[in-house]
Amino acid sequence: MIITIDGKACECEKGEFLLQVAKRNGIDIPTLCHHDGLPGQAACRVCLVEVKDGSRNQVTASCVFPVDHEIEVSTNSRKVKEERGMVLALLRMRAPGSEVIANMCEAYGAPKIGRLKPVVDGDKCILCGLCKRACASLGNGAIETLMRGTQKYVGTPYDQPSGDCIGCGSCAEVCPTGAIEMKDEKGVRTIWGSEFRLVYCRECGKLIGTEEYMKAAGNTDDLCDECKGRQTAGMVKDFLKQR
Amino acid sequence: MTRTVLVCCGTGCLANGSKAIADKFEALIAEKKADARTECFVKRTGCNGFCENGPLVKIMPDDIIYYKVKLSDVEEIIDTTLIGGKPVERLLYKDDKGRPVTKQEENPFYAPQLKTALRNIGFIDPLKVEDYLAAGGYEGLKKALTMTQDEIIEEVKQSGLRGRGGAGFPTWRKWQTAREQNAEVKYVGCNGDEGDPGAFMDRSVLEGDPHTVLEGLAIAALAVGAEEGFLYIRDEYALAVKNVTAAIKDAEAHGFLGDNVMGSGRKIKFSVVRGGGAFVCGEETALIASVEGKVGEPKPRPPFPAIKGAFGAPTTINNVETLANLPVILRDGGKKFASVGTEGSKGTKVFALVGKVKRTGLVEIPMGVTLRHLIYDIGGGIQGDRPFKAVQTGGPSGGCIPENMLDLPVDFDTLKAKGAMMGSGGMIVMDDRSCMVEVARYYIEFLAEESCGKCTPCREGLRQMLGILTDICEGRGKKGDIELLESIGEMMQDACLCALGKTAANPILTTIKYFRDEYEAHISGHRCPAGVCTALTSFKVEADKCKGCTMCAKACPVGAVSGEVKKPHKIDPAKCIACGSCREACRFGAIATEGRKGK
Amino acid sequence: MADKILKEIIDRYPRERRYALAVMQDMQRHYSYIPREGLELLAGHVGCKVAELYSMATFYKALSLKPRGKHIIKLCNGTACHIRGSVNLINGINRELGIAPGETTEDGEFTLELVNCLGSCALAPVMVVDETYYGKMTLEKLPSILGEYRKEAK
C-alpha cells in the first residue's frame, strides 16, 4: 500500500512500522532507543510524528506505529516540532553530559528552558533500556533497569559487581549516548565494576573479547572469526589435496 | 420466629472492631438462648459502604440498622431487639433533621442509591456460596451456558456496558476482538489492582461478594472462548485475596467452576495473582507483564491484549465492578440493564465519596445523576457547612471540577469533555481549605513514584513538573511556570507510551484551567489562599472572635498557642509549624490565615 | 537453616517464571524482606537471572530488600487521607520517632512506610500499626498509640 510522509508517496507493507518506512524512503526521523536488532523499545519518544487518519489527527511515536491503512504522516508539523522539542529539552536535563543529546537538541530546535533542572550533572544515560536488552540477548543478563518512576536507573543487583557479567561490552556498544563506561587497558577490561582479562587472536592479534566471553561463547581456540574461517578453509583445502 | 444479625465485616468496620462484636453476638446468643420464640443467627457480611459510621449491625427481618455499635451495646441489642423486637433508639442513624432512622433505605445516604454491582453486599456472607445462590447467584452463568459466544456478546452489547475501570471502553467490543482470534489458548482476567488513591469499590466487591466476580469472569470466559482466567488483586487487600481464594475453591466444589461447569462439559479454571504494589499495573499491558512474573512495564499497543496478551495469547481484562454487573445482565437481559443511565453510559456506577463531605462511603447510583445530588443529597454537603471548592474525579488520571459545574451529569463522556474522567469512580470532595496547587502537586508526586519510568515524557515530564509545583507550593514559583506546566502536560498527552502517562497531567491541566487564580496567588501573591502550603501561610487568632475555649491550644502539636481560659489566645509565629490543627479545632472561626513573606 | 525455609517457600510453586512474584511475596511475608540467598535460589528455580528478580524486587513496592523494623507503621497517604492531614502525621511521627518514610528506627523497633491507599478512605486519615487500624488519626492521638508499642518493646 501507499502512504504519504511529508507529502512523499511511500510504498509499504501492512504491519510495517512507520519509522522503518520513513527510513527506507530516506525521510529523517530522529530516534535514540530504536535499534534494528532490538526493536520495539518505544521508550525515548523522540521519533514523534503526526498521523492524519481521516478526520483524526494524532501525534505518536513512529517506531511502534504499525501501518494498517492509508494515512498521511508529517514528521515536521508545528505540533511535532513543539512536542519533540519538549521531549528533547527534558532529555537534555536527564543527560546533561551527553553530546549526542546536545547535538540533537540543536539540530531539531529544542527550546532552552532555564526553569528545568538537570537531574544529575554530567550524566549521559537517557534510560532507553537498550543496554539491558542487549545484555539479556547478547550478553548474560547481568544488568537491569532498577527501581521505577523517577528513581529508575540501570545497574547490577545490589549495585555490586555481578557474577553474571562476562564483560562482552554489548551494553556499551548499543548505548546511543555512550553512557556506559568501559575501559580496555593493559590487557584488562573494566566494566560495571568488574575486571576481565582480554583475549587477542593468536593469529592476527586482534582483540576478540574477554576470557569469560570466550568461555560463554564456546570459543576455545582463541581465533578471531576471520582467522578461524581462513584456518577452516585451509583445512578443507588440505583435505581435498590429500584425496 | 427467626432473626438474623448481620454484622458488617468489611475492612472499615473490622478496623473499628466489628469482629469482636460478631464474636460477642455469637457467644451471648448461644449463652442466652433464653427466648425460645426467636432463633437468632449471626452473619458476617461484606462492606456496607458507610464505613465512617461503622461498625454497622443490621437486624433482619425487622430491617433495623445500627451504627457505631460498641462491644458494650451487644447485650442491649440482644435484649431489646432480638428478644424484645424493639429498636435501640440511641444506635439509630439521625437524619439531617435529627430524626432517628430505623430502616437502611430510609437513611439519606442509602435512600437514593440503586444497587446492581453492590446488590448482595451487606446481605450475604461472602464465604457462603449458598447465600449467593439464594440471592439468584450463578443464574447468569447458567443462562450463558445455553447461549452461543455471539449471543452472549450480543446480550452485553445490548446492555451498553462500558468498562468501569477507567476509560469506559465498551465491554462487548473487547470481547468481540478476542472472540475472533483463532487461538488454542485464550485468557480472561479480572483487574483488581485498584490503585486510585481514594477509591475502594473493587475492594468492597471482592471482599463482600466474591462469587459475583467469579460468575462475571466465567461469563467472559464463555464469551471469548477461554478456559483459563486470573484475578489480579492488590496484595494490600488481604481480606479480598482471602475471600476470593476461598470462593474459587467453593465454586469448584459446587461445580460452578472447574472441569465440568454446571454439568455442561465446559472447563473454566481461575487462579488468584497477588499484585506487587504498583499503580501502573492497573494498566492492562503492565498487569499482564506482572501476571507473567515480570516487571510491570506497559507495552506499546497495538498489538492489543485481546489479540496478543498474557503469554502471547488473546486476553481480555475486565475491571471488578464491570464483572460484577455481568451476572445481572445475563440473568435479567441487557435491555433491562440499559433502561438505567444515560444515552452513552448505561447502568449504575459505584463511587467512593470521600474527602470533606459529611457522609462518606461507597455509593451506587444510576449514571447521569448530578454531582450536586451526589455531594449534597447523598453526601449531606460539606463538613462543617464550609464552602465547596472542587471535586476530584477519576483519581490521578482525572481532574478537579469546580463549583459551577456541579450540575453536570456524571457519566463517561461528560466528565471527559471537561478534562476530568470517571476513572474507577473516586470522588474526592474538597472545601475552601484544600489547596488546588497542593492537590496537583500531590497527584504528580504520586505518579512520579508510581510511573514505571520507561518512557521519557512520563518519567522526566513528571520529574520536572513535580519540581516546579513543589517550588510553587514552597514559595519559589516563577512567572511563566503555569505556561511551562501546560506545555509539558500537553506534550505528555500525546507522547507518553501508556494511559498512565497520557492522563498524568490531567490534575495539573484541570486545576490550572479552573483554579488559575490560586496558582497566581502562590506565585505572585506569595500566599496560599487555602492556608495549606506551610511556607506561604501563617496563622493568627482573631481576638474578637476568640472565646478562649482553649481547644486550639490543646490541638497544637508544638505548643505554639498560649492564652488563658475565656481570654483571646495567641499563636507564637516562631514556634508555629503552620500545620493548621488549631484552625481545625476552632469552633468559632477565629483562626485566620495570611501569607508569609521573606522565606 | 534459612536456606531450608527459603527452599520450602520456593518449592511450593512450579518452576515457572510466572510464579516469581508470588514466591517473593511469600519470602517477604516470612522474613519482612527478601534475603539475598532467596533471590539467588529463586533465580535457579525458575531459570532466570538474579538481575531480573532484583529488578522486580526494586520495582514492586510490596517487596523490600532491607530488613524492616519489628513494628511496621503504615501511614496512608491516599487522597482522602492526604486532604485530611496525613502529611502532618508524617511530621508528627518524625518528631516522635525520628524516622522519615522508608526508614527504620535505630533500635530496630519501628519502620515507617507511606502507603498509597488502604481503601479505608471513610476513616481518613488512617494509620496501621502491624495489623491494627487506627482511623481518624490526629496528632493528639499519636504519642499514646506509639507509646503502647514502645512499652511492649520494653
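Residues numbered from 1 in each chain as written. Chains lettered and ligands numbered in written order. Predicted model: local features only at pLDDT ≥ 70, side-chain atom pairs only at ≥ 80, totals over all residues.

**So, the overall build of chain C**
Next up, step 1: Per the secondary structure count, chain C includes 7 helices and 4 strands.
Next up, step 2: The dimensions of chain C, computed from C-alpha atoms along their principal axes, are 50 × 35 × 20 Å.
Next up, step 3: Counting the 154 residues in chain C, one finds 48% classified as buried.
Next up, step 4: For chain C, restricting intrachain contacts to residue pairs at least 6 apart in sequence, the fraction spanning at least 24 positions comes to 61%. (Helix = DSSP H or I, 4+ residues; strand = E, 2+ residues; numbered from the N terminus. Buried ≥ 20, exposed ≤ 12 C-beta atoms within 10 Å, placed from the backbone. Contact = placed C-beta atoms within 7 Å.)

**Brief notes about the interface of chain C and chain A**
Next up, step 1: The partner chain A presents 12 residues to the 8 residues of chain C that form the contact.
Next up, step 2: Split by residue class, the side of chain C that touches chain A holds 4 nonpolar, 2 polar and 2 charged. (Nonpolar A, V, L, I, M, F, W, Y, C, P; charged D, E, K, R; others polar.)

**Considerations on the interface of chain B and chain C**
Next up, step 1: Every contact between the two is made by 41 residues of chain B and, on the other side, 34 residues of chain C.
Next up, step 2: Of all elements in the fold, only helix H1 (11-15), helix H11 (284-291), strand S11 (348-355) and strand S15 (426-431) of chain B reach the threshold of two or more residues within the side of chain B that touches chain C.
Next up, step 3: Of the residues in the side of chain B that touches chain C, the class split is 17 nonpolar, 16 polar and 8 charged.

**A word on the environment of Ala43 of chain C**
All names here are of chain C.
Next up, step 1: Of note, Ala43 is situated in helix H3 (residues 36-46).
Next up, step 2: We classify Ala43 as buried; it has 20 C-beta atoms within 10 Å.
Next up, step 3: Sequence-wise, Ala43 and Ala22 are 21 residues apart; in three dimensions their C-alpha atoms are separated by 13 Å.
Next up, step 4: Setting aside anything within four residues of it in sequence, one finds Ala43 in contact with Cys48, Lys49, Val50 and Leu53.

**Thoughts on the sheet that holds strand S2 (residues 110-115) of chain C**
Residue and element names in this part refer to chain C.
Next up, step 1: Spatial strand order, S2-S1-S3-S4: 4 strands in an open sheet with mixed pairing. The sheet is open, and its two borders are formed by S2 and strand S4 (132-134), each paired with just one other strand. On average, each strand axis in the sheet is inclined to that of its neighbour by 20 degrees, with strand direction left out of account.
Next up, step 2: Across 3 bridges, the pairing between strand S3 (residues 127-129) and S4 is antiparallel. The partner of Val128 across the bridge, within S4, is Tyr133. (Pairing = 2+ DSSP bridges. Axes fitted to C-alpha atoms, helices over the stretch in contact; angles between N-to-C directions.)

**Notes on the domain arrangement of chain B**
Next up, step 1: Considered domain by domain, chain B is made up of domain 1 (2-106), domain 2 (129-337), domain 3 (348-431), domain 4 (436-523) and domain 5 (537-594).
Next up, step 2: Taking only C-alpha atoms, the centre of domain 1 of chain B and the centre of domain 5 of chain B are 41 Å apart. (Domains from an automatic or database assignment.)

**Some details on the pairing of strand S19 (residues 591-594) of chain B**
Residues and elements named next belong to chain B.
Next up, step 1: Side chains Ile591 and Thr593 of S19 all project onto a buried face; the interleaved residues Ala592 and Glu594 project onto a face where none is buried.
Next up, step 2: Here strand S16 (residues 538-541) pairs with S19 via 4 bridges, running antiparallel. Bridge pairing in S19 links Val541 to Ile591.

**Focus on unusual backbone geometry**
Residues and elements named next belong to chain B.
Next up, step 1: Look at the link from Gly54 to Pro55: it is a cis peptide, with omega at -5 degrees.
Next up, step 2: You can see Pro55 is positioned in the loop between strand S2 (39-45) and strand S3 (57-60).
Next up, step 3: Even without being glycine, Ala578 reaches a positive phi, approximately 55 degrees.
Next up, step 4: Residue placement: Ala578 occurs in the loop between strand S18 (570-571) and helix H22 (581-585).

**Overview of the sheet that holds strand S10 (residues 315-319) of chain B**
Residue and element names in this part refer to chain B.
Next up, step 1: Pairing is parallel in the open sheet, where 4 strands are placed in the order S9-S8-S7-S10. Strand pairing shows two members of the sheet lacking a second neighbour, strand S9 (269-275) and S10, which therefore form its edges. Here the average twist between neighbouring strands, direction ignored, is 20 degrees.
Next up, step 2: Direction of pairing for strand S7 (residues 187-192) relative to strand S8 (residues 228-234): parallel, over a ladder of 6 bridges. Paired with Asn191 across the two strands is Tyr232, which belongs to S8.
Next up, step 3: Against the sheet, helix H9 (residues 210-224) touches S7, S8, S9 and S10, its axis set at about 150 degrees to S7.

**A look at the nonpolar core**
Next up, step 1: Counting residues in hydrophobic clusters, the biggest one holds 283 residues, and the most contacted among them are Val7, Leu217, Ile219, Ala352, Leu374 and Ile444 of chain B together with Val126 of chain C.
Next up, step 2: The next biggest cluster of nonpolar side chains, apart from the first, holds 15 residues, and it includes Ala560, Ala578, Cys579 and Cys586 of chain B. (Core = buried A, V, L, I, M, F, W, Y, C linked by C-beta atoms within 7 Å.)

**Focus on the domain arrangement of chain C**
Often, the extent of an interface is quoted as the loss of accessible area upon association of its parts.
Next up, step 1: For chain C, the assigned domains are domain 1 (2-59) and domain 2 (71-153).
Next up, step 2: Put simply, the middle of domain 1 of chain C and the middle of domain 2 of chain C, counted by C-alpha atoms, are 29 Å apart.

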